[in-house]
Structures are given as structure tokens and as C-alpha cells.
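# Fold and contact review
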Amino acid sequence: MNRSTWGRLAGSTCHLLQSHHLSGIFSYFKEIVAIHEMIFNEAGEAIDYRVIDGNSAFLNLLGKRAEDIRNRLATDLYSAIPAPYIREYESVVHHGLPKELTTFYPPLDRYFSITAIPLGDNLFATITNDITANRQMHELMSARSKELENYLYITSHDLRTPLVNIQGFSQRLNKQSAKVLELLKEHLNSTGNEELKKLISEGIPKTLHFILAGVNKMDSLLNALLQLSRTGRATMSVKPVNMNLLLEKIVETNSFQLSEIGASVKIDQLPVCYGDENLLNQMFSNLIGNAIKYRNPARSLVIEISAISGLRKAIYSVKDNGTGIEKKHLDHIWNLFYRIDGTTSEPGDGIGLSVVKKIAEKHRGRVKVESEPGTGSVFSVVLQTTEFQEP
Amino acid sequence: MCDSKEMTILVAEDDPGHAELIVDELKESGIHNPIRQFCNGQEVWDFLNEKDSDETAVLNYLLLLDIKMPKMDGIEVLKRIKSHNTLKKIPVIMVSTTDDQPEIAKCYELGCNMYITKPVDYRIFAESLKRLGLFIQIVRV
């Protein structure tokens, strides 16, 4: 909305406020609503603001009656100099454009999300949400998630220590049994002890083969866990990212494989988003890698990358014409180590999509998938197109 | 360097199995230098710290240093060695369980000469140690 639209809206809102009493309209609002008038000094600087009216949520928050707040100066009502958020409100009145701010207000020990709206004639309204509970829940979750990532890192690291021993000593046993066989060769040939010969030449190596296969499997699982925990713990460097350049780079990296299988990749004009370039590269590399891995061998792979811009967000989609995913698997594909059997012979560690989800969460984003078996899948990621704080 | 004296390999490793595998593999790759084992960072640091004035002895050491060890970890030992006037000349090879990039970068920043990951695939491990053997030969020359 531009300034003149806001001006018109502000004018009509003022009318509305004059014809109906504010407390009447907004009294049932959960949101804390108040109307103020900015006060300027002779030099034209905002020095204070006066409370014109407030709804019952506003009165409850302050623990006051309507007559106690009307016409009170903010510096007096809040016992604060300067008046709370006066610079932000001044800019709202001055520019005639609304502003949102998220803030911690120490005197009340609460977090607020405030939208300030200009109403014309130095008047402005504030619509405030108390987001303390949300915020606390969020902080708790974020602490828990950090703790979990730490556990994940420590356990996967420490579990590798005994694994190195199992592998190393199994290899050694293998060598030793080969040596025993050689030392006993003459004896075995002369005595013809077939059972002992078989045990040393076949039984023991076979046993060790299974031990080593198990160790290797466990090692790859631990490496996958380590990779996931590293993604979670990675420090982000959030900058505007040219998504077209990023995706072209990824396609370039995969160009050999893509041309070998005769695949084509179409990339639309994509909006710039905010994020960590390395992590976003990993995210889209995983999605494109999956499109290649789960392609339909009966037709040429076509990957289409597009985006829809929204309010401060954009949805980026990677669409393929691959094998598609059955409905019953859709809820589970983001889970760690979940693999859909029978759709591919390609090896994988089963963490690609978990990493995608983790990276999206680090970007305050979301992931989504739509799929039709036999037709293909669309993986979408919601990312921020304005600056943001890591959750 | 010091061709009159044979180089001694110091192995600081808290896991007895890993220590055994390392020593075993060094021998198998044709390295017959004397080997001295330590089971934590404090032990190897005390040993080196005592020798700090004996430059000839110091120049004949090569240290294989595990990172995660009780009492004093490998990073701390590396930090102390590389900020010590005499001891900093000792070649240090870090041996770790993970290939954590920040950790590797930190070790090189502190002045380690080489970083080896203990792979579960023992053949790769043996290969690394063979190359290490070559490295030791070069250091000796």
C-alpha cells in the first residue's frame, strides 16, 4: 500500500473512530488496541504522545480504568523518558506508513509484537499482541533442539571409537587366519584334516566378512548422523542470495550426470531470498539429486524449478517427472533413515530430505511435497525474502 | 637433520585398541623406529616439557597425537608445543575419529603438520599410515 492509500484509509478510520466509540468496537478484541496523539515541540521533534483511548485488553494490561488512561501522556502513564518506542511511532506519523516491531518491554517483563498505524492529524493507533508465551515456548524448543543436536554429535562421535577397534581388529584377525592357514599348510596336506582347513580358509573369513559389513553399515549411519548434527549446528551467514545463480551453479555441478541420462532442467526467474548460501546450495543439491535418483527410466527426466513470491516469503519448487511417491510414504519421507524400498537401486544414506528439512527450519522456512505415483513429485521450500534471525 | 640418531615416534592415544592398531600398522608399513606410547595428553606433555632444554633429543621426535583424550586433550598439547620455543620444531600429526572441518582447520591454524582421520575402513587407515611412513622418511632426511 502506498502513502496516499494509507492516507485515505487513515482518514476513513478516523471517521469511524469518531462515529463509534473505540472501546465499543474493540472491546472484544484479544489484541491490545490504543489510539494516541503525537506531541511535537517547537522544532517539530516528537517529544511525547498522549493516550486518546484504549480497549479493555489495553486497560487489563496496565491494570487501569478507562478514565485513568485517557489524555495521559505516555511519559507519565509509563513513567518512562523518553516515551516507549517514540522514535518508531514518530516515523509512522511522519511517513504516514504503518510499521511493525517486535520488542521486549522490561517494565512488564513481556514480549510484544506491535503494529503502529498512522491515522492522520498526528494520530496513530497501536495494535499489540502479547507474544511472551510464544516466545518462551520458542526459546524452550530452540534450547531443547540445540541440546539434542549436541547429544547427537557426541554419541555419533563416541560410537565411532569402538567401531574403529572392531574394524581394525577384525581385519587383523583376517590376516592372522590367513597366516595360520599358511603355517599349517604342510600339516593339513599331510594329515588331510579337511574340517580344520575349511574352518580356516572359509569359515573364519566368512564370519569376518559379516562383521565387517555390519561395521561399515554402522559407520555410514553414524556418518549420516554426524552430517545432520553438523548441519544443525552450522553457524549461518545470512545474506541475500541470487537463487538463479545458485541453481545454475548446482545444475553445472551435476551437468555430467544430467547430460548422460538425457535430462533437461528449466529454471524460471527466481526471487532473491535471504539465507546461508552454502546451506541453500546443499538443500537444492539434495532436491535435484533426489530428482535424478528417483527418475522414471521409461522417460527423459525433466526438472522444473520455479518460485512464487509472497509477503516477505517465497515458495521455491523443484518439480520432476520421476517415479513419484505413494501417499502412504509422504508423511515419512522427511524422517531420518526412512527409505522407500523398491523404487530405486541407487544407494543412499536416507538423510537427504532430513537435511533439507533441517536447513529450511534454520531459515525459518517450511518444506512441502506433493506427489503422484507414476507422474512425478513437487518439492517446495518456503524461504524468507527479507532479513531474519535464526530461530 | 640429525642422521646420527634415530627418530623416535611418540604416540599419544588413550584408547589401547587404537594405539595397538596404530603401532601395528606403522611396523607393517616398514617403520622400525623406536616407538613410545602415552595414554593421555598430560603424560606426553610432561615427557616433552622435561626435555625442552635438550634440543638434540627434541629434534628426534615425531608426535602422533589423538585429539580426544582425558586430562589434557590433543588440541591443548598441540597449542602448548607450537607456542614453545624449542618444542615447536617437533612434527605433529593429529589423529582423530572425525573429519570435523572446523576441528581440522583449528589444528592447522595451531600449526599441526598433518591431520589423519581414523577411518573405520582399515585399508584407508593403513594407506594413510604408509604415506605417513614416507613422510617420516622425508623428515629424517
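Located above this text is the structure these notes cover.
Residues numbered from 1 in each chain as written. Chains lettered and ligands numbered in written order. Predicted model: local features only at pLDDT ≥ 70, side-chain atom pairs only at ≥ 80, totals over all residues. Heavy atoms only, no water.

## Structural notes on the sheet that holds strand β12 (residues 376–384) of chain A
Residue and element names in this part refer to chain A. Read across the sheet, five strands follow the order β7-β9-β10-β12-β11 without closing on themselves; strand pairing throughout is mixed. A strand with exactly one partner marks an edge of an open sheet, and here the two such strands are β7 (264–267) and β11 (366–372). This sheet shows a mean twist of 15° between the axes of neighbouring strands, independent of strand direction. The sheet contact formed by strand β9 (residues 302–309) and strand β10 (residues 313–320) spans seven bridges and is antiparallel. By the bridge assignment, Ala-307 is partnered in β10 with Tyr-316. (Pairing = 2+ DSSP bridges. Helix = DSSP H or I, 4+ residues; strand = E, 2+ residues; numbered from the N terminus. Axes fitted to C-alpha atoms, helices over the stretch in contact; angles between N-to-C directions.)

## Regarding a nonpolar patch on the surface
All names here are of chain A. A cluster of nonpolar residues, Met-137, Leu-140 and Met-141, forms a patch on the protein surface that exposes about 320 Å² of accessible area. Within the secondary structure, Met-141 sits in helix α7 (residues 132–191). On the accessibility criterion, Met-141 (55% relative accessible area) is exposed. (Patch = residues over 30% accessible without salt bridge, like charges linked within 9 Å, V, L, I, M, F, W, Y side chains within 5 Å. Areas by Shrake-Rupley, 256 points an atom, 1.4 Å probe, with all protein chains shown as cover. Salt bridge = Lys/Arg side-chain N within 4 Å of Asp/Glu carboxyl O. Buried < 20%, exposed > 50% of the residue type's maximum accessible area, 1.4 Å probe, protein only.)

## Focus: the pairing of β11(A)
A regular strand carries its side chains on alternate faces of the sheet. Residues and elements named next belong to chain A. Residues of β11 alternate between two faces, with Val-367, Val-369 and Ser-371 buried on one and Arg-366, Lys-368, Glu-370 and Glu-372 left unburied on the opposite face. Note that β11 and β12 share seven bridges and pair antiparallel. By the bridge assignment, Lys-368 is partnered in β12 with Ser-380. Between β11 and β12, which pair antiparallel one after the other, the connecting turn spans three residues, and Gly-374 there sits at a positive phi close to 90°.

## Concerning the pattern of salt bridges
Residue and element names in this part refer to chain A. Under the criterion given, the structure shown has 18 salt bridges over all chains. With a shortest N-O distance of 3.9 Å, Glu-37 and Arg-50 are connected by a salt bridge. Highlighted residues: Glu-37 in strand β1 (residues 32–40) and Arg-50 in strand β2 (residues 46–54), separated in sequence by 13 residues.

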